[in-house]
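# Chain and residue survey
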Amino acid sequence: MNENFFIGRRTVRAYESRHISDDLMEKLVEEASHAPTTGNMQLYSVVATRSEEMKKRLAPCHFNQPSVEGCDVVLTFCADFNRFIKWCEASGAKPGYDNFQSFMTAVLDTVIFAQQFCTAAEMKGLGCCYLGTTTYNAPQIAEILELPEFVVPVTTLTLGYPKSKGADCGRLPVGAVLHKECYSDYDESAVKNLYAEKEAREDSRKFVAENGKSSLAQVFTDVRYTREANEHFSKVYYDFIESRGFGMPLK
Ligand SMILES: Cc1cc2nc3c(=O)[nH]c(=O)nc-3n(C[C@H](O)[C@H](O)[C@H](O)COP(=O)(O)O)c2cc1C
């Protein structure tokens, strides 16, 4: 593998019309399924949407991001305790997985599986884009994909052969994320230094100007990920996971 593979990888949002073969799809799912999972329970499923009709139905759930209808396959990765619970019940075992802890266990398995899928696909020349909108509109996605109890959408990947490579959007320096032995907290000047390079980038400056803000951080707090939206979607998602069987245990 090229030693710069990880540094050079990019999110891809525009795809060629070329189809990914069923054999390749199955190979990628097989490779992803060798990711580590809690107790080797494999608490995930992935729903592959290939038909134009189903992509059209999913598109509004992702706020009509063009990659949904523009990709070859939309992959909805779901935390899934349904299969495991059914196996327990069919085997004289009493499952205790109708709680938030079990939901988190399944979410971890799902995200690790999705990322291994993404890496496997990128290593074969495909391009992917995660869609964070999955948790915003999980109830509608679940209805379209006919997900049963104990199956909750966690994330989505759009997948296809890349039309163009995504832009390099940079990263914080390693020192921002690596703490040696103990967590070293940031004072104001340290945190400003760590974000200085990101703020000075041409694309960041453009972003600030286009949104009429006075700092890059304000683009995040006031435009992209606002308190209002976060509070609204917290409630939607929490109510949904509870309705799917993963609530807090009753005292
Ligand atoms: C959980 C998650 C949700 C994301 N949601 C979206 C999304 O809804 N739309 C989008 O275009 N990109 C989305 N992305 C892609 C990020 O914007 C992208 O990874 C980030 O800007 C860094 O760019 P790079 O992957 O090209 O290095 C998401 C990524 C992750 C991990």
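Conventions and cut-offs
- Residues numbered from 1 in each chain as written.
- Predicted model: local features only at pLDDT ≥ 70, side-chain atom pairs only at ≥ 80, totals over all residues.
- Heavy atoms only, no water.
- Helix = DSSP H or I, 4+ residues; strand = E, 2+ residues; numbered from the N terminus.
- Contact = heavy atoms within 4.5 Å.
- Areas by Shrake-Rupley, 256 points an atom, 1.4 Å probe, with all protein chains shown as cover.
- Lys, Arg positive; Asp, Glu negative; His and termini not counted.
- Charge placed at Lys NZ, Arg CZ, Asp CG, Glu CD.
- Core = buried A, V, L, I, M, F, W, Y, C linked by side-chain atoms within 4.5 Å.
- Buried < 20%, exposed > 50% of the residue type's maximum accessible area, 1.4 Å probe, protein only.
- Phe/Tyr/Trp six-rings, centres within 6.5 Å; stacked < 30°, edge-to-face > 60°.
- Lys NZ or Arg CZ within 6 Å of the ring centre and 35° of its normal.
- Axes fitted to C-alpha atoms, helices over the stretch in contact; angles between N-to-C directions.
- Parallel < 35°, antiparallel > 145°, perpendicular 65-115°, else oblique.
- Left-handed = near helix turned anticlockwise from the far one by under 90°.
- Nonpolar A, V, L, I, M, F, W, Y, C, P; charged D, E, K, R; others polar.
- Near = heavy atom within 4 Å.
- Polar contact = N/O pair within 3.5 Å; in protein donor to acceptor, adjacent residues only side chain to side chain.
- Pairing = 2+ DSSP bridges.

## Quick word on the overall build of the protein
Check the secondary structure of the protein and you find 13 helices and four strands. By principal-axis analysis of the C-alpha atoms, the protein measures approximately 60 × 50 × 35 Å. In the protein, 79% of the contacts between residues at least 6 apart in sequence involve partners at least 24 apart. Summed over all atoms, the accessible surface of the protein reaches about 15,200 Å², with 54% contributed by carbon and sulfur. Put simply, the protein has 28 plus and 34 minus side-chain charges, and the middle of one group is 3 Å from the middle of the other.

## Focus: the nonpolar core
In this structure, Leu58, Phe81, Phe103, Val152, Tyr237 and Phe246 are the most contacted members of the largest nonpolar core, which totals 34 residues. At the level of elements, strand S2 (73-80), helix H5 (82-89), helix H6 (100-123), strand S3 (127-131), helix H8 (138-144), strand S4 (151-160) and helix H13 (227-243) are the ones that each hand at least two residues to this core. Beyond its immediate chain neighbours, meaning those up to four positions away, Tyr237 contacts Phe103, Thr135, Ala138, Val152, Pro153 and Val154. Within the second largest apolar cluster, 20 residues are counted, among which are Phe77, Phe113, Cys128 and Leu159.

## Description of the packing of aromatic side chains
Using the criterion set out here, one finds 19 aromatic pairs in the structure. Geometrically, the ring pair formed by Phe63 and Phe233 is tilted, given 6.5 Å between the ring centres and 50 degrees between the ring planes. Pair noted here: Phe63 is in the loop between helix H3 (52-58) and helix H4 (66-70) and Phe233 is in helix H13, with a separation of 170 residues, a long-range link. Cation over ring: Arg18 sits above Tyr161, and NZ or CZ is 3.7 Å from the ring centre.

## So, the packing of helix H2 (residues 22-32) against H6
One way to put it is that H2 packs onto H6 with a least axis distance of 8 Å and a crossing angle of 130 degrees. If you check the angle between H2 and H6, you find them oblique. For the crossing formed where H2 meets H6, the hand is right-handed. Facing Met25, Leu28, Val29, Glu31 and Ala32 of H2, the residues of H6 in contact are Phe113, Gln116, Phe117, Ala120 and Ala121. For the contact of H2 with H6, the per-class residue count stands at eight nonpolar, one polar and one charged.

## Focus on the site of the ligand
Every residue near the ligand is listed here: Arg9, Arg10, Thr11, Arg13, Gln65, Cys129, Tyr130, Leu131, Gly132, Cys169 and Arg171. Separating an oxygen atom of the ligand from a side-chain N or O atom of Arg9 is a distance of 3.0 Å. Against a free-state accessible area of 620 Å², the protein chains account for coverage of 63% of the ligand.

## Digging into the pairing of S3
Burial of S3 is extensive: four of the five residues sit out of reach of the surface. As paired strands, S3 and S4 are joined by five bridges and run antiparallel to one another. Across the sheet, Cys128 pairs through a bridge with Leu159, a residue of S4.

## Overview of the pairing of S4
Of all ten residues making up S4, ten are buried, and the element is well covered by its neighbours. Sheet analysis places S2 next to S4, joined by eight bridges and oriented antiparallel. Within S4, the residue paired with Val73 across the bridge is Leu159.

## Some details on unusual backbone geometry
A positive phi angle, close to 55 degrees, is found at Asn40, a residue other than glycine. Mapped onto the elements of the fold, Asn40 is located in the loop between H2 and strand S1 (44-49). Its identity is not glycine, yet Phe63 carries a phi of approximately 50 degrees, on the positive side. Here Phe63 falls in the partly exposed class, since its relative accessible area comes to 45%.

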